[in-house]
Every structure is written in structure tokens, then in C-alpha cells.
Number of protein chains: 2
Amino acid sequence: MTTASRATRNATSRPGGRSARVRDQVLEAVQAELADTGYDGLTIDGVAARSGVHRTTIYRRWKTVAGLLVDLLEAGVDDTWAPADTGSLEADLVALNREVREALSGDSSVTLAVIAASFRTPEAAEALTRFWDDRYERSAVVVERAITRGEVPGDTAAARVVMAATSPLYHQLVLRRSRMSRAEADQYARDSAAAAIAGLLRH
Amino acid sequence: MTTASRATRNATSRPGGRSARVRDQVLEAVQAELADTGYDGLTIDGVAARSGVHRTTIYRRWKTVAGLLVDLLEAGVDDTWAPADTGSLEADLVALNREVREALSGDSSVTLAVIAASFRTPEAAEALTRFWDDRYERSAVVVERAITRGEVPGDTAAARVVMAATSPLYHQLVLRRSRMSRAEADQYARDSAAAAIAGLLRH
């Protein structure tokens, strides 16, 4: 739900002519550069060199490094991401948390670079907020399915369930800059599922 | 637990002669400048002007703006902060979440300025990690008291309870940059207490 690295996946398979292909090439280069150098090392020249797209084309269309980042996040809002559908709330939340943990771990996390940039550039901050709002909205379906299956009460608050599962990962990995094992990430997913199943997360 | 703004409170009432008084004056000025201008506007000259301490003294002792920030966080680790002791787990966690929410809200949040700075300066990031580790360690006492009172099972995982209560606030207020009402912050505290009381947050 948080991997900006999948932002262009759908775009790549979408027809759209030269302009769409140029966008794909450029955004893929932005991701690769972010992973290599972080936001501080991101330059339009570097993106031009890596993408093979001429720098004047990039300047004309994206204007600034912040513009590239905003477009990367907007491509993520356009994509077809959906949470895994495993058949149980607990396993759906475990899958979600594993994905979040992956996205936030490692020195070359594109997501971490984008978060760091969001503290520098208001446009990046706004784009990141829209990106997350979109991802959290899509994630609510794991709770809706659990309601349909009768696993949790009908008035379970989907946003609180998803927040309970995922927010400890963001806090520990991004803000406290500590490690988190996969077992620990799984545990927070299971804690949230158990609370929802026990009827403790109702509106 | 997160207010860098209380970092110097204890220092202020502690005897320690001229050197300690200078530190108090300077760190209080750092907080006021951060609240006014954010990290980007923080300068040693500004801190000198506000504190009345000569800029050469500040350069000699703290060297850089990052050095000032690190010392502000270290003063927080030295202080006497403790979570409220209300007599119940739920009310203790509600009080904690209200404090966290206060610290993270508003345009002049010192805590938000320090978090932003931590994405720019590795020393500030490390100092912030130490500060939070310390605050979370001290917060565990709310769960230990609940165990002693027999409110929750003896093998309740204190860190998971505190994390469940507080991490949604950090995620929503700091990273997603959305608002959170006091009622919502209270709700996350109550959710965590209810899960602990139901025996769902055990080792």
C-alpha cells in the first residue's frame, strides 16, 4: 500500500503513445535514482541521464525535482493496487503489514526517500497525503470482506482496524528509525484482527 | 511523552551554576525559535539574539544548529517526565494520547520541527530515537500499574499496548498530515486499553 516503487507498474502496461512512454521512463528513473542517492542526490540531470529522456523535455514537463516526485506519487494513485484477498481478516492484514514493512525497510527504500522529501517540499507533502488517503481507502476492503463473511461485527470501523495494524510500522520504522522483524509486523496485524473479531473496534 | 517543549523544564529548576543557566537560556531560545520559524529558519544568530547569550559562546559549546537540536533532545532525556497516574489503564492512556496530540498539533509544534530536522541531520535523527526510546520506556509503567491492579493479565506486553495507543497519532498527524480530533485520539487510547483488558496483547 505504500510502495511508490510500484507506482508505475500499471502505467507500464497501459497503452498511451509516446507521451505515456516518456512518463514511464522518467518515473522509473526517478525511483531508481531515489533508491541510489536519496532525495538529496536527486537531480533532473541524473534523471535525464538514467532515463535517456532529454533534460529539456524533463524541465518542460516536470519543471523541478519536486514536480517529479509529485508525479511519481500521482502515478501511484492512478495504479491498480489492491490489498491481498486471502480469505481471512488476519491473513489479509498480515499480508498488508508485510508489504508495508518491505516498503519501509532497507537503505534504498523509495518510500522513505519520498517521506524525507515531504518534510522539505510542501507539494511533495500534499501528494504523499493524497497517495496515503487513496491507499487507506482501498485497504478498507479487507474489513468490508470480513464483515460480509461474518468474521467481525457489521459496524466494525474499517479505518481504525487498518490504522491499528499498520501505524506501529510507520512509527517504528520511519520516525523511531528502529528495526522491526517480520514476526513483529505480523504481530501488530494479528493484534488488530483479534481486536476487530472481539468486537472492540466498532463505530 | 513527546514534547521537546518540556525538555528544559527540569533543567530550569536544577542548580548548576552559570554553565547550567546558560544552557537553559539557550535551549529555551532554541524552542522558541523552532516554534516561530521551524528548523529551516533556525540560526545560531537568532538563538543568540533571543537568549541574550553571546554567539561566540554558542558556537564554542554547540558548534552547529544540529548541535543545538541534539542538546535539546538530550535535555529531554535528562528530565523528570512521567506519564499521568490516574488509577486506570484507560484513563492513563487517554492522558498520554492527549499529551502526544497536543505536542504534534499546531503550526508551532517544536516536536514537528524536530521531526522535520531529523530527516535532514543524522545526529538529530539519532538524538530523536534516543529521546523516544526513553519516553516509551518510561510509559511502560502505565501497563505495569495495570498489571499490579489486576486490570490486565500479568503477561501483557507493555510496549505493544503503548504503541497501539500512540502510533496512530504519529502516523496521522506527522506522516499523513491530517487533523485528529481529541475524541479520535481518545478512541485510540480506549481501543488499546480494551484490547489489553481483553487479554489480546499478551507476550
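Conventions adopted
Residues numbered from 1 in each chain as written. Chains lettered and ligands numbered in written order. Predicted model: local features only at pLDDT ≥ 70, side-chain atom pairs only at ≥ 80, totals over all residues. Heavy atoms only, no water. Domains from an automatic or database assignment. Contact = heavy atoms within 4.5 Å. Buried area = accessible area lost by both parts, 1.4 Å probe. Salt bridge = Lys/Arg side-chain N within 4 Å of Asp/Glu carboxyl O. Polar contact = N/O pair within 3.5 Å; in protein donor to acceptor, adjacent residues only side chain to side chain. Helix = DSSP H or I, 4+ residues; strand = E, 2+ residues; numbered from the N terminus. Expected span 1.5 Å × (residues − 1). Buried < 20%, exposed > 50% of the residue type's maximum accessible area, 1.4 Å probe, protein only. Core = buried A, V, L, I, M, F, W, Y, C linked by side-chain atoms within 4.5 Å. Arc of directions from axis to C-beta. UniProt positions renumbered as here; feature names shortened; annotations may be inferred. Least-squares fit on C-alpha atoms with pLDDT ≥ 70 in both. Phe/Tyr/Trp six-rings, centres within 6.5 Å; stacked < 30°, edge-to-face > 60°. Lys NZ or Arg CZ within 6 Å of the ring centre and 35° of its normal. 1 Å grid on protein atoms, 1.4 Å probe; cavity = no way out; pocket = protein on both sides within 12 Å on 5 of 7 lines; lining within 4 Å. Points joined across faces, edges and corners; volume = space filled by probe spheres on them. Nonpolar A, V, L, I, M, F, W, Y, C, P; charged D, E, K, R; others polar.

*Asks:* I would appreciate a short explanation of the domain arrangement of chain A in the present structure.
*Replies:* Reports of interface size often rely on the accessible area that becomes lost once the parts have come together. All names here are of chain A. Entries for chain A in the domain assignment read domain 1 (4-78) and domain 2 (89-197). Each of domain 1 and domain 2 has a C-alpha centre, and these two points are 25 Å apart. At the interface, 16 residues of domain 1 touch 19 residues of domain 2. Taken together, both faces of the contact between domain 1 and domain 2 bury some 1,500 Å²; the carbon and sulfur share is 68%. Our enumeration of links across domain 1 and domain 2 arrives at two salt bridges. Two residues, Asp-40 and Arg-120, come together in a salt bridge whose shortest N-O distance is 3.0 Å. For the pair domain 1 and domain 2, the number of links is four residue pairs in polar contact (both at pLDDT 80 or more).

*Asks:* Would you mind going over helix H2 (residues 17-37) of chain B with me for this structure?
*Replies:* All names here are of chain B. Taking 1.5 Å per residue, 21 residues should reach 30 Å; H2 reaches 30 Å between its end C-alpha atoms and fits that length. Taken as a whole, H2 has its buried residues at Val-22, Arg-23, Asp-24, Val-26, Leu-27, Ala-29, Val-30, Gln-31, Glu-33 and Leu-34. Positive phi shows up at Gly-38, right after H2, with a value of about 75°.

*Asks:* Any chance you could explain the side chain of Thr166(B) here in plain terms?
*Replies:* Tracing the sequence through the fold places Thr166(B) in helix H10 (residues 158-175). Only 2.9 Å separates the side chain of Thr166(B) from the backbone oxygen of Val162(B), close enough to count as a polar contact.

*Asks:* Just checking my understanding: could you explain the nonpolar core for this structure?
*Replies:* In summary, soluble globular proteins display a tendency toward joint burial of nonpolar side chains. Counting 130 residues, the largest nonpolar core has Leu34(A) and Leu34(B) as the members making the most contacts within it. When residues no more than four places from it in sequence are discounted, the contact partners of Leu34(A) are Tyr39(A), Leu42(A), Leu69(A), Leu72(A), Val110(A), Ala113(A) and Val114(A).

*Asks:* What is the right way to look at helix H9 (residues 141-148) of chain A in this model?
*Replies:* Residues and elements named next belong to chain A. What H9 keeps buried is the set Val-142, Val-143, Arg-145 and Ala-146. Down the axis, H9 shows its buried residues gathered within 160° of arc, on one side only. Positive backbone phi, at 80°, marks Gly-150, one or two positions downstream of H9.

*Asks:* So what exactly am I meant to see when it comes to the UniProt feature "DNA-binding region" (unreviewed entry) in chain A here?
*Replies:* In the numbering adopted here, UniProt assigns the feature "DNA-binding region" (unreviewed entry) to residues 43-62 of chain A. Secondary structure over residues 43-62 of chain A splits into 80% helix and 0% strand, and the C-alpha atoms at its two ends are 12 Å apart.

*Asks:* Sorry if this is basic, but what is going on with the relation of the copies chain A and chain B here?
*Replies:* Here the second copy of the chain follows from the first by a rotation about an axis and a shift along it. With an axial shift of 0.0 Å and an RMSD of 0.0 Å, the rotation relating chain A to chain B amounts to 180°. Here the two chains are linked by the operation of a two-fold rotation axis. A symmetric contact is evident, with 97% of the interface residues of chain A recurring at the interface of chain B.

*Asks:* Help me out: how do you make sense of the packing of aromatic side chains in this one?
*Replies:* Geometry of an aromatic ring pair is reported as the spacing of the ring centres plus the angle between the planes. Here the structure, examined in full by the defined rule, presents three aromatic pairs over all chains. Plain terms: the ring middles of Trp132(A) and Tyr170(A) are 5.3 Å apart, the flat faces sit at 85° to each other, and that makes the pair edge-to-face. Highlighted residues: Trp132(A) in helix H8 (residues 122-139) and Tyr170(A) in helix H10 (residues 158-175), separated in sequence by 38 residues. Arg176(A) extends its terminal NZ or CZ atom over the ring of Tyr136(B), reaching a point 4.2 Å from the ring centre.

*Asks:* Help me understand empty space enclosed by the protein, please; the structure alone is not making it clear to me.
*Replies:* The probe, sized like a water molecule, is rolled over the atoms to show the empty space still left. Scanning the model with the defined rule gives one cavity of 30 Å³ or more in all. Here the largest cavity defines a volume of roughly 150 Å³. Looking at the largest cavity, it is lined by 14 residues, and the ones nearest its centre are Ala164(A), Ala164(B), Asp191(B), Ser192(B) and Ala195(B). Contributions of two or more residues to the lining of the largest cavity are made by H10 and helix H11 (182-197) of chain A together with H10 and helix H11 (182-197) of chain B. When grouped by side-chain class, the residues that make up the lining of the largest cavity number nine nonpolar, two polar and three charged.

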